[in-house]
Amino acid sequence: MPVSRYIVAVSLLLLFAMTPGLLVAQEAPGWLEKDENWAVKKVRLQAFGEQFNTAWDLYQFLEQAADGGETLSWQQMDEAAYDWSGIFTRTGGGLSFDPDIRGNVTTAQLTPAGAAARQRKIDQLAATGGEYDPISDCRPPGYPRWATEPFLHEFIVTPNQTWLVNEMVNDVRRVYTDGSAHTLPEDAYASANGDTIGFWTDGMLVTHTMYLYSGQYQRGTQPDYSDQVEVVERWKKVDGNTLEADYWVFDPVNLAEPWYTRQSWTELANDDNFLRIRYWDCQENQNNDIIITDEGTSQFPDFDFIENDAAVSTDEAVKNIPR
Amino acid sequence: MTMKRTLYSFLYLLSFILYPVAYAHHSGAMFDGSTVVEVSGVVREFQYTNPHSWLLVDVTNADGSVTTWGFEAEGPSTLMRAGIRKGDLPPGTPISIRGNPMKDGRSAGAWIDAVVAGETINPRNGFAVIPAAE
């Protein structure tokens, strides 16, 4: 091979290698149904995510594969694919971010820093038998932890926005599907749920979320995520009462590889229409006040049905509260 | 009503398979999960609030004094899913109630279940996922 051709070939390879998202031989997998072969499918979806360096690369790849996505109309909103009405809750998985696995294990491939952060949580539990959760005073759980919260949810699809509502702390994520770009980096700031854009393709809502606070996937032994975390989701209504979503979480601080999970929400029976999203306020009942103790665990400081908590309690955290 | 209660009792057992025991909004560090306390008295107040509900029960002691116990459950939506509504437990309702007590000796606990008018109610049933008809 002449030297000039060799240089051209190497240059082309380098060009592709430096263009994230383009050096992907595998096509984007369509929606993979959760069935008896789920374990194999899950490995495939994990491997698909691992081909990308960043969540944004993955999102752009899916967007290109969908030719930019579809524009929805109001007339389509009563079609089964877009009718997400009803009151939902997480289908299963307890407080585990990966609902396929329970207990004190994780399917996340953690970096040394991520593993150390998780070990600190495990050590805290072993040493004190407890912990303190920042959401105890109604601070938002944040995202992607949002996916694990077990209470009521509503999902509202419109042509230009989809609202993903969590009853807990009146928590709403908005997905902009009107072609909006992310907030410009120079104007962006972090928040609990970040900034989410998305597009529709073949009855699926594909999203990308960034500009997030750091946090934890859940209490207990679930790992932490950094403020560099970004997530690609792919939502689909898979039957008359079930919504599922592929989650690919990228976090260069805590994850050695993107973490793929399949999240799921089930529409609840609500024949009397009594289940509704109602306001959630930690301040309305004194008995729901929670303080953090010196050991890093949780405690009720002052019940309204006990005349003198400090005189009754054996906990120094309660005795030492200025009154 | 009885059939409904039977269904909820079944779902109570199911809830331990489907979901971890309560305290979904805060750590359960303050409760002694290895101990169960049971008291009988009358409902003083049902604080049907988010993020947690509290059932206050006045218990008459042997010396005639009254101790108020507070039992924590999840918030209204989870209680509704368990079939427990605010109007089910008005003040004065006789009740026997069980909970995991506070570690620090105060008269409070995490509500496990209760017997009202001969029927068992289980707030943790509210974590069972009962799908809507397709």
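Residues numbered from 1 in each chain as written. Chains lettered and ligands numbered in written order. Predicted model: local features only at pLDDT ≥ 70, side-chain atom pairs only at ≥ 80, totals over all residues.

A tally of regular secondary structure across chain A gives six helices and 13 strands. If you line up chain A on its principal axes, its C-alpha atoms span 90 × 50 × 45 Å. Per-residue burial over chain A gives 37% buried out of 323 residues. (Helix = DSSP H or I, 4+ residues; strand = E, 2+ residues; numbered from the N terminus. Buried ≥ 20, exposed ≤ 12 C-beta atoms within 10 Å, placed from the backbone.)

A word on the confidence of the model for chain A. Looking at chain A as a whole, the pLDDT averages 92, with 92% of positions reaching at least 70. Of the regions scoring below 50 in pLDDT, residues 10–23 of chain A engages in eleven contacts with residues more than four places distant in sequence or in other chains. (pLDDT = per-residue confidence, 0-100. Contact = placed C-beta atoms within 7 Å.)

It is worth spelling out the domain arrangement of chain A at this point. Where interface size is given, it is often the accessible area lost as the parts come together that is meant. Residues and elements named next belong to chain A. Assigned domains within chain A: domain 1 (32–267) and domain 2 (285–319). For domain 1 and domain 2, the distance between their C-alpha centres works out to 35 Å. Contact residues are listed per partner, giving seven residues for domain 1 and six residues for domain 2. Across the side of domain 1 that touches domain 2, the residue classes tally to one nonpolar, four polar and two charged. (Domains from an automatic or database assignment. Nonpolar A, V, L, I, M, F, W, Y, C, P; charged D, E, K, R; others polar.)

The next point concerns the nonpolar core. Judged by nonpolar contacts, the single largest core of 79 residues is most densely connected at Leu 58, Trp 248 and Val 249 of chain A together with Leu 55, Val 57 and Phe 71 of chain B. Both domains that furnish three or more residues to this core are identified here as domain 1 (32–267) and domain 2 (285–319) of chain A. (Core = buried A, V, L, I, M, F, W, Y, C linked by C-beta atoms within 7 Å.)

Residue and element names in this part refer to chain B. Relative to strand 5 (residues 108–116), strand 3 (residues 66–74) is paired through three bridges, and the arrangement is parallel. Bridge pairing links Gly 70 to Ala 108 in strand 5. As judged from the six bridges shared by strand 4 (residues 94–101) and strand 5, these two strands associate in the antiparallel manner. For Gly 99, the partnering residue across the bridge sits in strand 5 and is Trp 111. Linkage of strand 4 to strand 5, two consecutive antiparallel strands, is achieved through a turn of six residues, within which Gly 105 is found at a positive phi near 90°. As defined by bridge partners, strand 5 adjoins strand 6 (residues 119–121) across three bridges and the pair is classed as antiparallel. Across the sheet, residue Val 116 finds its bridge partner in strand 6, namely Glu 119. A loop of two residues connects strand 5 with strand 6, the two strands running antiparallel in sequence, and Ala 117 in this loop sits at a positive phi of about 50°. (Pairing = 2+ DSSP bridges.)

This part takes up the interface of chain B and chain A. Facing the 34 residues of chain B at the interface are 50 residues of chain A. Looking at the side of chain B that touches chain A, the elements that each hand over two or more residues are strand 2 (52–60), strand 3 and helix 2 (76–81) of chain B. In terms of residue count, the dominant contributor to the side of chain B that touches chain A is helix 2 of chain B (five residues). Among the residues forming the side of chain B that touches chain A, the class breakdown is 17 nonpolar, 13 polar and four charged.

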